[in-house]
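What follows is each chain in one-letter form.
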Amino acid sequence: AKIARARLIPVVVDMEKDRDGARELLALADVILTNARYPGLFSGHDDLVTGMRAVLKHGVAHTVVSTIGEEGSVLLSRGPAPNGLWSCPDLPKDLLSFEALPSEGDE
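A short tour of the structure in this document, coming up. (Residues numbered from 1 in each chain as written. Predicted model: local features only at pLDDT ≥ 70, side-chain atom pairs only at ≥ 80, totals over all residues. Heavy atoms only, no water.)

### Overview of the overall build of the protein chain
In terms of helices and strands, the protein chain carries four helices and five strands. In sequence order, the secondary structure elements of the protein chain are arranged as α-β-α-β-α-α-β-β-β. Within the protein chain, the fraction of its 107 residues that count as buried is 31%. For the protein chain, the proportion of contacts with a sequence separation of at least 24, taken over those separated by at least 6, is 27%. When the accessible surface of the protein chain is totalled, it reaches about 7,800 Å², and 55% of it is carbon and sulfur. (Helix = DSSP H or I, 4+ residues; strand = E, 2+ residues; numbered from the N terminus. Buried < 20%, exposed > 50% of the residue type's maximum accessible area, 1.4 Å probe, protein only. Contact = heavy atoms within 4.5 Å. Areas by Shrake-Rupley, 256 points an atom, 1.4 Å probe, with all protein chains shown as cover.)

Right, here's the structure in full:
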């Protein structure tokens, strides 16, 4: 993460539980992805958003996204969103589709 930051490469961390060095790594991340439990483990708060705020304040990250199962995810950002908090409901699986994109030069 230190090398990536030195080269101006964004650092994205997916955190599910505290491990040795985890908090040091979080402090270097630009974007932090978590499950619904991790912000509470990190902060000691039961409220997801309060925990996410603590994770966001820990370092230089501009965004924390916590997945909340079938209900979707919650995004907290230092950006211009109202209060920096967004909620995204889970999309029905029949709305999701993936296509292979053509390689450069393919027609």
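Resuming the write-up.
### Regarding the side chain of Asn-35
Here Asn-35 shows up in the loop between strand 2 (31-34) and helix 3 (38-43). At a separation of 3.2 Å, a polar atom in the side chain of Asn-35 contacts the main-chain amide nitrogen of Arg-37. Here Tyr-38 takes part through its backbone nitrogen, which lies 2.8 Å from a polar atom of the side chain of Asn-35. With residues near it in sequence (within four places) discarded, Asn-35 still touches Met-15, Glu-16, Ser-66 and Thr-67. (Polar contact = N/O pair within 3.5 Å; in protein donor to acceptor, adjacent residues only side chain to side chain.)

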